[in-house]
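# Coordinate inspection notes
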Amino acid sequence: MRRVGVIGTGAWGTTLAIVLANKGFETTLWEHQTERAEEMERARENRAFLPDIPFPFSLRVTTNIHEAVAGRELVLVVTPSQRLRENVRAISPHLTPDAIVLCGSKGLEIGSLKRMSEVISEELPEGLRERIAALGGPNLAREVARGLPSAAVIAANDRAVAEAARETLNTATFRVYTSNDVVGVELGGALKNIIALGAGANDGWGYGDNAKAAFMTRGLAEMARLGIACGANPLTFVGLAGMGDLIATCASPLSRNRYVGLEMAKGRKLDDVLAGMKSVAEGVTTTKAAHKLAQHYGIEMPITRTIHAILFEGMNPRQGVIELMLRDPKDELEGMRGIIGS
């Protein structure tokens, strides 16, 4: 029997643990709070984030980091992006030399502007740095946990690592593809959360489907421009980690980032919206990091810039819409010609 460990008991981390345990793998889910771990073990479900989704027999919850990681062939790290570094630092001494570390977190570290795999690499022994992979795609946790048909992509620099992780995660209802574009898969997963904030506001204001489709499409163009500047394959952004994840996150009522935009469109303050949420809306912190990253590379990202101004600079949201609509008209492929062809 394969042995796997999952670090992080949010909705997505718990879902991945359930998927793996349902395959019959000995799966350990790590929770740092003793009271929460004991409650999940007793209830055999995660009532806080995935109520009414029972744990399989082979899934155990523990607060012992060594027990969660040691001897595990695959370790999934699925924590909020701004706490990823401290969690990887904690598991690093306990990893076996041939373990695969698969990151399911989607975001950018605020201070360093680094992608999640870059953060992980800095905290792992050198011998494990080629054993890092990133998971992306349109994966709303509750749908995957219920066994509804879904697809994902795993990216790694080493093809064998991506294929081994794919073999472990792939099921009849969770179809997994592979990629060698770690940069693109990670940036797709991070940046789409910014666009989802605006998509939620669009829905809240009743601007309609034409506006939403246009907004998402132009948002995808921004994602690709920054991704290309960072070294990503532009085709990744029309795949599962780009367009696929963008559609799900902007459209679904299960999307946390869409919810934030929807509530702000009702006139609620950002801090009040976030305070009432159990889960982290990664788009908020990602907006800060992406805004700085775009400035670093000299990339034009008007949607990201406007959302940054609304969230952190006091811009009136409706004024932001007006400014976006009144920008000088341009060629649709502005900034990408010569890279993706003409």
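Anyway, here's the lowdown on the structure attached to this text.

## A few points about the pattern of salt bridges
- Inspection of every chain in the model, using the stated rule, returns 24 salt bridges.
- Among the salt bridges present, the one from Lys114 reaches Glu122, with a minimum N-O distance of 3.3 Å.
- Exposure remark for Lys114: the relative accessible area of 26% places this residue in the partly exposed category.
- Look at the salt bridges and you will find they share partners, linking Arg85, Arg89, Glu109, Lys114, Glu122 and Glu123 into a network.

## Observations concerning helix H7 (residues 159–169)
- All of the buried residues in H7 are Val161, Ala162, Ala165, Thr168 and Leu169. Looking straight down H7, one finds its buried side chains confined to an arc of 125°; they lie on one side.
- Where H7 begins, the side chain of Asp158 points an oxygen toward the backbone nitrogen of Ala160, at a separation of 2.9 Å.

## A word on the nonpolar core
- Counting residues in hydrophobic clusters, the biggest one holds 38 residues, and the most contacted among them are Trp12, Leu76, Leu102, Leu135, Ile154, Leu169 and Phe174.
- When residues of this core are assigned to their parent elements, the largest contribution, 8 residues, is made by helix H1 (residues 11–22).
- Beyond its immediate sequence surroundings of up to four residues, Ile154 is in contact with Leu102, Ala133, Ala134, Leu135, Ala162, Ala165, Arg166, Leu169, Val176, Tyr177, Thr178 and Ser179.
- If you look at the next biggest cluster of nonpolar residues, it comprises 37 residues, including Leu108, Leu187, Ala232 and Met264.

## A few points about the packing of helix H8 (residues 182–205) against helix H13 (residues 282–297)
- Contact geometry for H8 and H13: axes closest at 8 Å, N-to-C directions at 110°. With respect to H13, the axis of H8 lies roughly perpendicular. Residues Ala190, Leu191, Asn193, Ile194 and Leu197 of H8 pack against Glu282, Gly283, Val284, Thr286, Thr287 and Ala290 of H13.
- Looking at the contact of H8 with H13, its residues break down into 6 nonpolar, 4 polar and 1 charged.

## Details of the packing of helix H14 (residues 302–312) against helix H15 (residues 317–325)
- Interhelical geometry of H14 versus H15 gives an angle of 160° and a closest axis separation of 9 Å. Classed by the angle they form, the pair H14 and H15 counts as roughly antiparallel. The crossing of H14 and H15 is right-handed. Together, Pro302, Ile303, Thr306 and Ile310 of H14 and Pro317, Gly320 and Leu324 of H15 make up the contact between the two elements.
- The class makeup of the residues in the contact of H14 with H15 is 5 nonpolar, 2 polar and no charged.

## Focus: a nonpolar patch on the surface
- Residues Leu235, Val238, Met243 and Ile247 make up a contiguous nonpolar surface patch of about 380 Å² in total accessible area.
- Counting through the fold element by element, Met243 comes out in helix H10 (residues 240–251).

## Examining the environment of Gln33
- For Gln33, the location among the structural elements is in the loop between strand S2 (26–30) and helix H2 (34–43).
- Given a relative accessible area of 39%, Gln33 falls into the partly exposed group.
- In the structure, Gln33 is positioned 244 residues away from Met277 in sequence and 19 Å away in space, judged by C-alpha atoms.

## Let's talk about the pairing of strand S5 (residues 100–103)
- Every second residue of S5 is oriented toward a common face, with Ile100 and Leu102 on one face and Val101 and Cys103 on the other, all of them buried.
- As judged from the 4 bridges shared by strand S4 (residues 74–77) and S5, these two strands associate in the parallel manner. If you follow Leu76 over to S5, its bridge partner there is Leu102.
- A crossover connection joins S4 to the parallel S5 through helix H4 (residues 84–91); in handedness this β-α-β unit is right-handed.
- In this sheet, strand S6 (residues 132–136) lies alongside S5 in parallel orientation, the contact comprising 3 bridges. Paired with Cys103 across the strands is Ala134, a residue of S6.
- Handedness of the S5-helix H5 (residues 116–123)-S6 crossover: right-handed.

## Thoughts on the packing of aromatic side chains
- In this structure the tally under the stated criterion is 2 aromatic pairs.
- Ring geometry for Trp205 and Tyr207: centres 5.3 Å apart, planes at 40°, overall tilted.
- Positioned above the aromatic ring of Phe312 is the side chain of Lys288, whose terminal nitrogen or guanidinium carbon lies 4.8 Å from the ring centre.

What counts, and at which threshold
- Residues numbered from 1 in each chain as written.
- Predicted model: local features only at pLDDT ≥ 70, side-chain atom pairs only at ≥ 80, totals over all residues.
- Heavy atoms only, no water.
- Salt bridge = Lys/Arg side-chain N within 4 Å of Asp/Glu carboxyl O.
- Buried < 20%, exposed > 50% of the residue type's maximum accessible area, 1.4 Å probe, protein only.
- Helix = DSSP H or I, 4+ residues; strand = E, 2+ residues; numbered from the N terminus.
- Arc of directions from axis to C-beta.
- Polar contact = N/O pair within 3.5 Å; in protein donor to acceptor, adjacent residues only side chain to side chain.
- Core = buried A, V, L, I, M, F, W, Y, C linked by side-chain atoms within 4.5 Å.
- Contact = heavy atoms within 4.5 Å.
- Axes fitted to C-alpha atoms, helices over the stretch in contact; angles between N-to-C directions.
- Parallel < 35°, antiparallel > 145°, perpendicular 65-115°, else oblique.
- Nonpolar A, V, L, I, M, F, W, Y, C, P; charged D, E, K, R; others polar.
- Left-handed = near helix turned anticlockwise from the far one by under 90°.
- Patch = residues over 30% accessible without salt bridge, like charges linked within 9 Å, V, L, I, M, F, W, Y side chains within 5 Å.
- Areas by Shrake-Rupley, 256 points an atom, 1.4 Å probe, with all protein chains shown as cover.
- Pairing = 2+ DSSP bridges.
- Right-handed = clockwise from strand over helix to strand, strands pointing away.
- Phe/Tyr/Trp six-rings, centres within 6.5 Å; stacked < 30°, edge-to-face > 60°.
- Lys NZ or Arg CZ within 6 Å of the ring centre and 35° of its normal.

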